[in-house]
Amino acid sequence: MKPELILAPSMLSADFKNLEEDIKATEKGGAAYLHIDVMDGVFVPSISFGMPVMKSIRSATGQVFDVHLMIIDPIRYIKEFAACGADIITFHLEAAEDPQAVIDEIHKCGCKAGISIKPKTPFEDVAPYMDKVEMLLVMTVEPGFGGQKMMPETLEKVRAARRFVTEKGLATDIQVDGGVKYDNIHLPLEAGANIFVVGSAVFGDNTYGETKRFSDYLAQRS
Ligand code: DX5
Ligand code: ZN
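The structure contained in this document is the topic of the report that follows.

Reading guide: rules and limits
Residues numbered from 1 in each chain as written. Chains lettered and ligands numbered in written order. Predicted model: local features only at pLDDT ≥ 70, side-chain atom pairs only at ≥ 80, totals over all residues. Heavy atoms only, no water. Near = heavy atom within 4 Å. Polar contact = N/O pair within 3.5 Å; in protein donor to acceptor, adjacent residues only side chain to side chain. Areas by Shrake-Rupley, 256 points an atom, 1.4 Å probe, with all protein chains shown as cover. Helix = DSSP H or I, 4+ residues; strand = E, 2+ residues; numbered from the N terminus. Disulfide = S-S within 2.5 Å. Donors = N, O, S within 2.8 Å, 3.2 Å for Na, K, Ca; no water. Tetrahedral: all angles 85-135°; square planar, octahedral: opposite > 155°, others 65-115°. Buried < 20%, exposed > 50% of the residue type's maximum accessible area, 1.4 Å probe, protein only.

A separate point is the site of ligand 1. Residues in contact with ligand 1 amount to 20 residues; listed here are only the nearest, D37, G144, D177, G199 and S200. With respect to ligand 1, the backbone of G179 contributes an N or O atom lying 2.8 Å from an oxygen atom. Measuring from an oxygen atom of ligand 1, one finds a backbone N or O atom of G199 at 2.8 Å. Protein chains bury 100% of the 380 Å² of accessible surface belonging to ligand 1 in isolation. Counting only elements with at least two residues in the shell around ligand 1, the list comes to β2 (33-39), β3 (64-70) and β8 (195-198). Here the element with the most residues in the shell around ligand 1 is β2; it accounts for 3 residues.

The structure is reproduced here in structure tokens:
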């Protein structure tokens, strides 16, 4: 079965002065997910936002909260993020001492589990978890900042992941994150990704219009 194609705008590039308005524009533009980047200043150089922000925007939208934890020792915070309205919680393989324990904790909290790998981490490292999680997130830039250029070499891992999922008959989603633009989204799509995080390319002066453009594109290819 062909996997559903889903757009996940990354709130990191939103105008925080008008956060509610910006989020609603992406929902109206057809984005089923809202991608929420949590950074701790240790796993990645920057610090973004956390539970209080998530909690207050939960009522602003019916979108799936797709929470991307760029934090060390993620198991400490799973319960709290689940309580703040997360639907999917993704953690980094590189940040967890016992990845299976994190996956179990996420499931125990009633959320879907995602596992992410940075550009230099090979697919083989995450392969043993592919049938344990609902989503693999292949970072197509070094995590930490929005607005970077996609690293094309990371798409080889998307291809490997799609082959693996198909061969094993799994339903695991494959998400890409970083540097996805309107003129290059076809690359991860052709490589086999089905969930697309888009930050700087959708948020701005015309958030609704840009989101709709991406949604229409994915709808045509569904
Ligand atoms: C980067 C974040 C991304 C980022 C994507 O560490 O995980 O989600 O916001 O932004 P763009 O699409 O601008 O690369
Ligand atoms: Zn992200």
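Now that the structure has been shown, the text picks up again.
Let's shift gears to the state of the cysteines. Enumeration over the complete set of coordinates arrives at 0 disulfides. Considering cysteine sulfurs only, C111 is the nearest to C109, which forms no disulfide, with 6.3 Å between them.

With that settled, consider the coordination of the zinc ion (ligand 2). For the zinc ion (ligand 2), every protein donor is listed as H35 (NE2), D37 (OD), H68 (ND1) and D177 (OD), and the spread of their distances is 2.0 to 2.3 Å. Here the zinc ion (ligand 2) binds 6 donor atoms, and the angle range of 69 to 171° at the metal identifies the geometry as octahedral. Mapping the donors of the zinc ion (ligand 2) onto the primary sequence gives the spacing H-x1-D-x30-H-x108-D. D37 matches H35 in its accessibility class, with the two residues each being buried.

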